[in-house]
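Geometric and topological summary
The primary structure of each chain is shown beneath.
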Amino acid sequence: QDPNSLANLDQDLPNNMIHQVPIKSLPQEWLWCETWCSDASKQTAKTIDLCNNPLTKEPKLDRAMRIAPEWRQYDRKQKEILEKGPTPTSKQKKKVDSHSEL
């Protein structure tokens, strides 16, 4: 592993700063993750972390759809929007091409 990698900065920074800055942990309900939280505790979760599970290597989108069933609807809607392409804004609709020679 590259010692200059920022991959674990979210973990390394608090671990290294704990002696200079008082760092408090949030209750588990604020960050539910399947890897270290129980299925029962998901019901009271305020946020869900789609963290990587090193044991399963499950793709993140598959995991999102399994953990949060409403994700399928979000994913479908996003694909519809992307397929339609950008919609012109009202400014763009009013714009008239004055180059008649084209």
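Our structure's up above, just so we're on the same page.
Overview of the structure. Quick caveat: nothing in here was measured; it's all calculated off a predicted structure.

Bringing the packing of aromatic side chains into the picture now. Two aromatic rings, taken as a pair, are described by how far apart their centres are and by the angle between their planes. In this structure the tally under the stated criterion is 1 aromatic pair. It is K42 that lies over the ring of W32; its NZ or CZ is 5.9 Å from the centre. Over the ring of W30 we find K46, and its NZ or CZ is 5.3 Å from the ring centre.

Across the interface, helix α2 (residues 60–67) lies against helix α3 (residues 71–84) with an axial gap of 7 Å and an inter-helix angle of 130°. Comparing the axis directions of α2 and α3 gives the class oblique. Contacts between α2 and α3 involve L61, A64 and M65 from the former and W71, R72 and D75 from the latter. When its residues are assigned to classes, the contact of α2 with α3 shows 4 nonpolar, no polar and 2 charged.

Quick notes on the rules
- Residues numbered from 1 in each chain as written.
- Predicted model: local features only at pLDDT ≥ 70, side-chain atom pairs only at ≥ 80, totals over all residues.
- Heavy atoms only, no water.
- Phe/Tyr/Trp six-rings, centres within 6.5 Å; stacked < 30°, edge-to-face > 60°.
- Lys NZ or Arg CZ within 6 Å of the ring centre and 35° of its normal.
- Axes fitted to C-alpha atoms, helices over the stretch in contact; angles between N-to-C directions.
- Helix = DSSP H or I, 4+ residues; strand = E, 2+ residues; numbered from the N terminus.
- Parallel < 35°, antiparallel > 145°, perpendicular 65-115°, else oblique.
- Contact = heavy atoms within 4.5 Å.
- Nonpolar A, V, L, I, M, F, W, Y, C, P; charged D, E, K, R; others polar.

Just geometry here; none of it tells us what the structure is for.
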